[in-house]
Amino acid sequence: QVQLVDSGGGLVQAGGSLRLSCAASGRISSTYAMAWFRQAPGKEREFVATIILNDGPTDYADSVKGRFTISRDAAKNTVYLQMNSLKPEDTGVYYCATETASGQYDNWGRGTQVTVSS
């Protein structure tokens, strides 16, 4: 019932920056928060960041805290992930997801590839 289109990935050198976007459409009235996850080659998917849509509180994985910033544009139904000071270990496929008030991640984007070279 919610469609997510994530974009903005690419190839960047260590220390560089990228901004990912996640545009939502459809029935989003039940969405409590939006989150970013990532999956590195050969590893399981891991949480990156989340933002509560109503008033904007955020949370981050320790590995990205201080380097990544999640934000929202309510008028555009879009969530962003600004990634600065990128490291090779940030490489992976990044996915955006919706989260219900009960903690269920029920809608996912297709993923966008982020590759950080050393």
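A brief report on the enclosed structure follows. (Residues numbered from 1 in each chain as written. Predicted model: local features only at pLDDT ≥ 70, side-chain atom pairs only at ≥ 80, totals over all residues. Heavy atoms only, no water.)

The final tally for this structure, using the stated rule, is four aromatic pairs. A centroid spacing of 5.0 Å and a plane angle of 85 degrees characterise the contact between F37 and Y105, whose relative ring orientation is edge-to-face. Remark: Y105 occurs in strand β10 (residues 105-108) and F37 occurs in strand β4 (residues 33-39); sequence separation between them is 68 residues. According to the relative accessible area criterion, F37 is buried, its value standing at 8%. (Phe/Tyr/Trp six-rings, centres within 6.5 Å; stacked < 30°, edge-to-face > 60°. Helix = DSSP H or I, 4+ residues; strand = E, 2+ residues; numbered from the N terminus. Buried < 20%, exposed > 50% of the residue type's maximum accessible area, 1.4 Å probe, protein only.)

As a further point, take the state of the cysteines. Here the structure, examined in full by the defined rule, presents one disulfide. Here C22 connects covalently by a disulfide to C96, the sulfurs 2.1 Å from one another. Here the disulfide of C22 and C96 is right-handed, its torsion about the S-S bond being about 65 degrees. Here C22 is found in strand β3 (residues 18-26), whereas its partner C96 is found in strand β9 (residues 92-99), with 74 residues between them in sequence. For C22, a relative accessible area of 1% translates into the label buried. (Disulfide = S-S within 2.5 Å.)

Topologically, T50 is positioned in strand β5 (residues 46-52). When its relative accessible area of 13% is taken as the criterion, T50 is described as buried. Within the structure, T50 has its side chain in polar contact with the backbone oxygen of M34 (distance 3.1 Å). Those residues in contact with T50, other than ones at most four positions away along the chain, are A33, M34, A35, P57, T58, D59, I70 and E99. (Polar contact = N/O pair within 3.5 Å; in protein donor to acceptor, adjacent residues only side chain to side chain. Contact = heavy atoms within 4.5 Å.)

Next up on the list: the pairing of β10. As paired strands, β9 and β10 are joined by three bridges and run antiparallel to one another. Bridged to T98 within β10 is N107. In this antiparallel pair of consecutive strands, β9 and β10, the connection spans five residues, and G103 shows a positive phi of 90 degrees. (Pairing = 2+ DSSP bridges.)

Next up on the list: unusual backbone geometry. Not every positive phi belongs to a glycine, and N77 is a case in point at roughly 50 degrees. Residue placement: N77 occurs in the loop between β7 (68-73) and β8 (78-83). N77 gets classed as partly exposed once you look at its relative accessible area, which sits at 35%. Positive phi, close to 50 degrees, is recorded for S85, a residue that is not glycine. Within the element layout of this structure, S85 appears in the loop between β8 and β9. A relative accessible area of 41% means that S85 is categorised as partly exposed.

With that settled, the discussion passes to the environment of T31. Looking at where T31 falls in the secondary structure, it is placed in the loop between β3 and β4. Overall, T31 belongs to the buried group, its relative accessible area being 15%. Remark: the alpha-carbon pair of T31 and T100, spanning 69 residues in sequence, is separated by 5.2 Å. The contact partners of T31, leaving out residues within four places of it in the chain, are V2, L53, T98 and E99.

All quantities given are derived from atomic positions and should not be read as evidence of function.
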